[in-house]
Amino acid sequence: MSAILLVERDRDTRELLETLLQLRGFTAAVAESNHEALHRLEVEAFDLVISGFIVDSTDVSECWNQLADIRRLARSPIGILSGYPVDTARAADAGIGFVLAKPCAATALLHGMSDALTLPPISAQHEQLARAYFAALERGAYDALVALCSPDVIYHLPRASPPLTEVVTGRSALHALAELTFKTFMDPRFEVESLSPLPNGALVRYSSSWLDHTEIRRSLPGAVLFSFAGPFIREVGVRCDLSEIPR
């Protein structure tokens, strides 16, 4: 089931679109501002983002900048559904999947979504890389883990409380981080629930569990956004909310 994030400031439009998508079998989440969308995208993963474009600002240049921030964090296709005239050539250059003007027929929206969500399947090699990543974490095989990654791998940490965007770069830094992390999250187990293609990558949804310092097994759902460079993992974006973990 595809998960959609709607970024729309008008409440009536949000509710109408959310209902439409749910009736069509999608999982729909809403954000009434770009700030809220970015906040959600730090801990959640979506197959598609639909933006109202004019959301937090009426300055067109600022709207494009904000949309670029969302696209960088989401890594998924982006569509625009807006009552404001949008430069379709600029949208195409920005990698936007579709541009539709309000009001539009439900069929037109669903057609645009279908086109945006149609991506080449994940290659067997890249699926194997993604699964091997989780297997290496379970085994505590950190040398094997970083060998799956390119030398300049970029790893985005999940948001903790308070929310901080953190990044580590390179195999050595990733090795050290993994080793340190799983001294706290002991005996980790991962169950891959789905793998979906993304532009130049994959979205993997999983359930995880581990033993805490009291040897109680905790669990948390999550997702990882992978990008690939040939036979290596080039970038890892973890999406889970560590603030939900009991302390």
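Positions within a chain are numbered from 1, following the residues in the order the chain's sequence is written. Local features are withheld for residues below a pLDDT of 70 in this predicted model, meaning they are given only at 70 or higher, and side-chain atom pairs are given and counted only at 80 or more; totals for whole chains, interfaces and linings count all residues. Calculated side-chain values reflect all of the structure's heavy atoms, with hydrogen atoms and water omitted.

Next up on the list: the overall build of the protein chain. For the protein chain, the helix and strand inventory stands at 8 helices and 11 strands. Expected size for 247 residues packed as a compact globule is a radius of gyration near 18 Å; at 19 Å, the protein chain falls within 12% of this value. Dimensions of the protein chain, computed from the C-alpha atoms along their principal axes, are close to 55 × 40 × 35 Å. Exposure categories follow from relative accessible area, calculated using a 1.4 Å probe and restricted to protein chains: below 20% of the type maximum is buried, above 50% is exposed, and the middle band is partly exposed. In the protein chain, buried positions account for 47% of the 247 residues. In what follows, a contact means two residues having at least one pair of non-hydrogen atoms within 4.5 Å. In the protein chain, the share of contacts with a sequence separation of at least 24, taken over all contacts with a separation of at least 6, comes to 57%. For the area figures, the Shrake-Rupley method with a 1.4 Å probe applies, and any residue is considered shielded solely by the protein chains shown. Surface exposure of the protein chain reaches about 12,500 Å², of which carbon and sulfur atoms provide 53%. Runs of E in the DSSP output that reach at least two residues are strands. Runs of H or I that reach at least four are helices, and both are numbered from the N terminus. In this treatment the radius of gyration is a C-alpha quantity, and the globule benchmark scales as 2.2 Å times the residue count to the 0.38 power.

Looking now at the sheet that holds strand 4 (residues 78–82). Within a beta sheet, neighbouring strands are joined by backbone hydrogen bonds and run either parallel or antiparallel to one another. Spatially, 5 strands are ordered 2-1-3-4-5 in an open sheet, and the strand pairing comes out parallel. Of all strands in the sheet, those with a lone pairing partner are strand 2 (27–31) and strand 5 (98–101), marking the two edges. Averaged over all adjacent pairs, the angle separating strand axes in this sheet is 20°, with direction ignored. Pairing between strands requires that DSSP locate at least two bridges from one strand to the other. Where strand 1 (residues 3–7) lies against strand 3 (residues 48–51), 4 bridges are found, and the strand directions are parallel. Looking at the pairing, Leu 5 lines up with Val 49 of strand 3. Between the N-to-C directions of two axes lies an angle of 0 to 180 degrees, each axis being a line fitted to C-alpha atoms and, for a helix, fitted only over the stretch in contact. Strand contacts of helix 1 (residues 11–23): strand 1, strand 2 and strand 4, with the helix running at about 165° to strand 2, the strand carrying the most contacts.

Only buried residues count toward a nonpolar core, which is a set of Ala, Val, Leu, Ile, Met, Phe, Trp, Tyr and Cys residues joined through side-chain atoms within 4.5 Å. Counting 33 residues, the largest nonpolar core has Tyr 133, Phe 134, Tyr 155, Phe 226, Ile 233 and Val 236 as the members making the most contacts within it. Sorting the residues of this core by element identifies helix 6 (124–139), helix 7 (142–147), strand 6 (149–156), helix 8 (171–184), strand 9 (201–211), strand 10 (217–229) and strand 11 (232–239) as the ones contributing at least two each. In this structure, Val 236 is in contact with Tyr 133, Ile 154, Tyr 155, His 156, Val 224, Leu 225 and Phe 226, ignoring residues within four places of it in sequence. Membership of the second largest hydrophobic core comes to 22 residues, among which are Ala 3, Leu 41, Ile 54 and Cys 63.

What follows covers the pattern of salt bridges. Any carboxyl oxygen of Asp or Glu that lies within 4 Å of a side-chain nitrogen of Lys or Arg is treated as forming a salt bridge with it. In this structure the tally under the stated criterion is 11 salt bridges. Residue Arg 40 pairs with Glu 44 through a salt bridge whose shortest N-O separation is 2.7 Å. With a shortest N-O distance of 3.1 Å, Arg 131 and Glu 127 are connected by a salt bridge. With Arg 131 and Glu 127 both in helix 6, this residue pair falls 4 residues apart, about one helical turn. On the accessibility criterion, Arg 131 (41% relative accessible area) is partly exposed. One salt-bridge network, held together by shared partners, links Asp 187, Arg 189 and Arg 217.

Confidence of the predictor at the level of single residues is given by pLDDT, which spans 0 to 100. In this model, the protein chain carries an average pLDDT of 91, and 94% of its residues clear a pLDDT of 70 or more. For the protein chain, per-element mean pLDDT is lowest for helix 5 (residues 106–117), which scores 88, and highest for helix 7, which scores 98. Under a pLDDT of 50 for its full length, residues 161–165 has, in the predicted model, 5 contacts with residues more than four places off or in other chains.

Read from one edge to the other, the open sheet built from 6 strands follows the order 7-6-11-10-9-8, with strand pairing classed as mixed. Here the strands that pair on one side only, and so sit at the sheet edges, are strand 7 (167–169) and strand 8 (186–198). If you compare each strand with its neighbour and ignore which way they point, the axes differ by 20° on average. Bridging between strand 9 and strand 10 involves 11 bridges; their strand directions are antiparallel. If you follow Ser 209 over to strand 10, its bridge partner there is Ser 219.

Glancing now at the packing of aromatic side chains. Aromatic pairs are defined between Phe, Tyr and Trp rings, using the six-membered ring for Trp, whenever the two ring centres lie within 6.5 Å; interplanar angles under 30 degrees are classed as stacked, those over 60 as edge-to-face, and all others as tilted. Counted according to the given criterion, the structure contains 10 aromatic pairs. Taken together, a centroid distance of 5.3 Å and an interplanar angle of 50° make the contact between Phe 134 and Tyr 206 tilted. Placement of the pair is Phe 134 in helix 6 and Tyr 206 in strand 9, with a sequence separation of 72 residues. For Tyr 206, a relative accessible area of 6% puts it in the buried group. Ring centres 6.3 Å apart and planes at 90° place the aromatic pair Phe 134 and Phe 226 in the edge-to-face group. Taken together, the residues Phe 134 in helix 6 and Phe 226 in strand 10 connect sequence positions 92 residues apart. Of the two residues, Phe 134 and Phe 226, neither departs from the other in class, the shared state being buried. Taken together, the ring pairs in this structure connect Tyr 133, Phe 134, Phe 190, Tyr 206, Phe 226 and Phe 228 into an aromatic cluster. For a Lys NZ or an Arg CZ to count as sitting over a ring, it must be within 6 Å of the ring centre and within 35 degrees of the ring normal. Across the ring face of Phe 232, the terminal group of Arg 171 is positioned such that the distance to the ring centre comes to 5.6 Å.

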